[in-house]
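Architecture and fold: a report
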Amino acid sequence: MYDFKTLSPIDFEELTRDLLQAELGVRFESFKPGKDQGVDFRFASGAGHAVIQAKHLVGSTFPALIRACKAEDAKVAKIRPRRYLLATSVPLSLSQKSKIRAAMPSAPLADADVLGPEDLNNFLGRHPQIERKHFKLWLASSAVLERLLHSGVYNRTETEMALIKNMTQKFVHNESVPAAEAILARAGSLIVSGEPGVGKTTLARMLVWLHAEQGWNISVIDDIREAFEIPLDETKRLVFFDDFLGQVALSSDLVRSTDQRFPPFLQKVRSHDNLRFVLTTRNYILRQAQAVSGRLAEPAINTSEFVLDVGRYTRSVRAKMLYNHLYFSEMSRADLKTMLGQDFFLKVIDHRNFNPRLIDLLTSPDYLAIAKPTQAMIQSVLDNPSELWERPYRTQLGREARALMLALYFNEPLTEFPDLERTFGRMLDALGGGLSAAERPAAFRMALKELEGSVLAIQDRKIRFSNPGVRDFLDRAIAEDRFLLAAAGVLTDYTELKQCWSLYGRGPERAGPAFAQVWSDAMSRMVQSGTGNELQRLALVKESFETLGSAGLLPHVTAAAADLCDADLDQDDADLCRSLLEGALHSALPDAQKQEVRDAVSQAMGRVLGYWGGYMPLEDLDAAAESLREFGTLPSDAVANVRMALKEFIDRIDESLGDIDDPDELDDFEKDLKALMTKFGYEDVRVVRDIEYRRRAIYEGEVRRSGSHYGRHDQSDDEPDVSDDEIRSMFSGLSH
């Protein structure tokens, strides 16, 4: 039984229209609001017309409904319909239906034509296709959210569940939903791309929850490696990877990891009917990745088949987006008046920079608490979206709050409290803090309190930016303020300095000529701190020398290489080992340091293969082994370690074979494994036997993608572009 509270008045009207069309078997005529007062829809009825009026009064009492009906009666007297139907979300008894009839003497109302929520729920039971189409009814239901909460690795706090419900209420169904579903049904994979803030993650989450409602097991990942750990069996599984190529800029580490694993996982998706994959990314980052990596752009992947740009919205959709955000917001009457006065909402809807993220933030009570809304302020933000955070950051936030924002910027996207507080102290120093050590814990708590809910969010006892746009803004603000040099002068931990170096790489002019010496001191602090692992520290100091050419960095290269000789690494470090090996041979390092790096990384890669190679996917094992064979400095040890890895891999081959359900994929697996065994002189008769067993099993019970597991809901009817008068009428109800 639905109470319809997740619907706005516009959503409720459209649901009423679709239900009554299905129930009565007629096609309704829709009228432009503002021209036919008192009529939402009508249809031919005998010698005249029947009129339908929908009254969605969430949280209102029956007396409020009676007052609304009395106001409608004068309008009904003018249009004189042959039949009149009234649908409302206010619960009704039989006697209350009679009172509604009495309140509208001009309306030819029968008790059966006064429809309360009980009647509408009965219609939904008889017409499940309408329920399916209006998924906002059930998307935020406790059953679906409970399924998500305990599904795969999709673990969310109660706070985030509330955010999900809030987002669901404001969502406006548009053509991107059925278009995305069609691609998933056809290809199994979907990359949702678009500019920042256009609604990529919102659309992807809608698809995730639509699948969850249909019984799909949901896994949300933040590393492509995790995708290979998901079991492949008869369970229907959907994997969701938000911002899979990063939020602000593309890193070489990320491209290297992705282009090794992304194509093989797409192949798994194609060959498993029970597996689907939804990803989001920004347009420009996807293009950069394809330009850098041939494996991400090659025709075999056919990536364009999966790309959907969600950055196009009709005027009707934009109007409904703004309406829903205002309707479900907690804005004060004064703030709402600001948005509605002098038809300002029309300017917002038609603005060239209209953006769901901007609208969400501009109507958020947490944001409004730090940025008082005026038409001038909203217009300024729309004209220049970067001002969304510019004004609070420059004029309304204190130094401690700015230091906290910068501290999170120079940390992981999800940062532990102690790590953030440590970086916060360093940012205060960089800003000229003037606070003693004893004063800083209280300052940290006060800054956290000031920013929580608007700029920062707490999730699973970690802190993140509440919106990706904050990091975008700080990326630009740090460059404009030439703050990078000051930051490099105080940052110490690997995570902090890795982010600092990434920012330097996007524009060395941001830091100035003194950067090389300051950075050399920073590398000294990092090596001494022991943060990051030994391999990460070596990679950063090596890259720093090759870019800056500062002799002061060479001792840090030597120290980091020595630390690596005794490092305890695992299979997740294989990619970085391979990158260092392949780059060291032609490095700009002096010969002595070059040899130190090659020897240390060769030993490290050998240990990784010897201990962990048998647990890697075959393509990763092959790439690591080939890199060690071609670029390593210890050929005999390399062969021994690869053979050890191959023995362990073949001991566990049933796990790899169990994930393969496609004959072509099995052929490729067999070819690659035998080639690797031949290359390193390793033989094992079990390989042919086990692969042949798997081949017979595939042919006996082969499953092919049919797309039948998840039925798409019907696409909404195309809506004509709405006029100013229609939008004015739509928004008029908000002022009451």
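In short, a report on the structure. On a predicted model such as this, the values are computed, not experimentally measured, just so you know.

1. Considering the packing of aromatic side chains
Two aromatic rings, taken as a pair, are described by how far apart their centres are and by the angle between their planes. Counting across every chain of the model gives 16 aromatic pairs. Their ring planes at 5° and their centres at 4.6 Å tell us that phenylalanine 345 and phenylalanine 731 sit as a pair that is stacked. With phenylalanine 345 in helix α17 (residues 344–350) and phenylalanine 731 in helix α38 (residues 724–732), this residue pair connects regions lying 386 residues apart in the sequence. Pair check on accessibility: phenylalanine 345 and phenylalanine 731 agree, each one buried. Here the aromatic rings of tryptophan 501 and tyrosine 504 are separated by 5.1 Å at their centres, their planes lie at 20°, and the arrangement is stacked. Pair noted here: tryptophan 501 and tyrosine 504 are both in helix α27 (residues 494–505), with a separation of three residues, about one helical turn.

2. Overview of the packing of helix α29 (residues 534–548) against helix α31 (residues 574–584)
Two elements in contact, α29 and α31, have axes separated by 10 Å at closest approach and are oriented at 35°. Viewed along their axes, α29 and α31 form a crossing whose handedness is left-handed. Only Leu576, Cys577, Leu580, Gly583 and Ala584 of α31 make contact with α29, whose side of the interface consists of Leu535, Gln536, Leu538, Ala539 and Lys542. Partitioning the contact of α29 with α31 into residue classes produces seven nonpolar, two polar and one charged.

3. Here's the deal with the environment of alanine 514
Within the secondary structure layout, alanine 514 lies in the loop between α27 and α28 (515–529). Residues alanine 514 and leucine 485, 29 residues apart in the sequence, show an inter-C-alpha distance of 7.9 Å.

4. Section: the pattern of salt bridges
For the structure shown, the criterion picks out 42 salt bridges. Across the pair arginine 728 and aspartate 343 runs a salt bridge whose closest N-O atoms are separated by 2.7 Å. Of this pair, arginine 728 sits in helix α38 while aspartate 343 sits in the loop between α16 (333–340) and α17, and the two are 385 residues apart along the sequence. Judged by relative accessible area, which is 33%, arginine 728 ranks as partly exposed. Glutamate 496 serves as the salt-bridge partner of arginine 426, at 2.8 Å between the closest nitrogen and oxygen. Here glutamate 496 lies in helix α27 and arginine 426 lies in helix α23 (residues 417–430), a separation of 70 residues in the sequence. Side by side, arginine 426 and glutamate 496 carry an identical accessibility label, which is buried. Taken together, the shared-partner salt bridges connect Glu390, Arg394, Arg476, Glu480 and Asp481 into one network.

5. What to know about the pairing of strand β6 (residues 189–194)
Counting buried residues in β6 gives six out of six residues, a clear majority hidden from the surface. Judged by which residues are buried, β6 turns out to be covered on both faces: Ser189, Ile191 and Ser193 on one side and Leu190, Val192 and Gly194 on the other are all buried. With six bridges connecting them, β6 and strand β9 (residues 275–282) associate as parallel partners. Residue pairing across strands places isoleucine 191 opposite leucine 279, the latter belonging to β9.

6. Observations concerning the sheet that holds strand β12 (residues 456–459)
If you walk across this open sheet you meet the three strands as β11-β13-β12, and the pairing is antiparallel. Looking at strand neighbours, the two that pair on one side only are β11 (415–416) and β12, the edges of this open sheet. Note: β11 against strand β13 (residues 462–465), two bridges, orientation antiparallel. The residue of β13 that forms the bridge with threonine 415 is isoleucine 463.

7. Here we look at helix α1 (residues 9–24)
The α-helix advances 3.6 residues per turn, and as a result positions three or four apart in sequence lie on the same side. Over its 16 residues, α1 extends 22 Å from the first C-alpha to the last, a length consistent with the 22 Å expected when each residue adds 1.5 Å. In terms of residue burial, α1 counts as a mostly covered element, since twelve of its 16 residues are buried. Residue glycine 25 follows α1 closely and has a positive phi angle near 70°.

8. Some words on helix α9 (residues 176–187)
Given a rise of 1.5 Å per residue, twelve residues ought to cover 16 Å, and the 16 Å separating the end C-alpha atoms of α9 matches this to within 8%. Most of α9 sits inside the fold, with nine of its twelve residues counted as buried. Along α9, the residues classified as buried are Ser176, Val177, Pro178, Ala180, Glu181, Ile183, Leu184, Ala185 and Ala187. Count one or two residues on from α9 and you reach glycine 188, which has phi positive near 85°.

9. A few points about the packing of helix α33 (residues 618–631) against helix α34 (residues 635–651)
One can describe the packing of α33 onto α34 by two numbers: an axis separation of 10 Å at closest approach and a directional angle of 170°. Compared by their axis directions, α33 and α34 come out roughly antiparallel. Along the contact surface, α33 presents Leu618, Leu621, Ala625 and Leu628, while α34 presents Ala638, Val642, Ala645, Leu646 and Phe649. Looking at the contact of α33 with α34, its residues break down into nine nonpolar, no polar and no charged.

10. Some thoughts on a nonpolar patch on the surface
Together, Tyr611, Trp612 and Tyr615 line one region of the surface with nonpolar side chains, adding up to about 350 Å² of accessible area. Within the fold, tyrosine 615 resides in the loop between α32 (591–612) and α33.

Reading the values: the criteria
Residues numbered from 1 in each chain as written. Predicted model: local features only at pLDDT ≥ 70, side-chain atom pairs only at ≥ 80, totals over all residues. Heavy atoms only, no water. Phe/Tyr/Trp six-rings, centres within 6.5 Å; stacked < 30°, edge-to-face > 60°. Helix = DSSP H or I, 4+ residues; strand = E, 2+ residues; numbered from the N terminus. Buried < 20%, exposed > 50% of the residue type's maximum accessible area, 1.4 Å probe, protein only. Axes fitted to C-alpha atoms, helices over the stretch in contact; angles between N-to-C directions. Left-handed = near helix turned anticlockwise from the far one by under 90°. Contact = heavy atoms within 4.5 Å. Nonpolar A, V, L, I, M, F, W, Y, C, P; charged D, E, K, R; others polar. Salt bridge = Lys/Arg side-chain N within 4 Å of Asp/Glu carboxyl O. Pairing = 2+ DSSP bridges. Expected span 1.5 Å × (residues − 1). Parallel < 35°, antiparallel > 145°, perpendicular 65-115°, else oblique. Patch = residues over 30% accessible without salt bridge, like charges linked within 9 Å, V, L, I, M, F, W, Y side chains within 5 Å. Areas by Shrake-Rupley, 256 points an atom, 1.4 Å probe, with all protein chains shown as cover.

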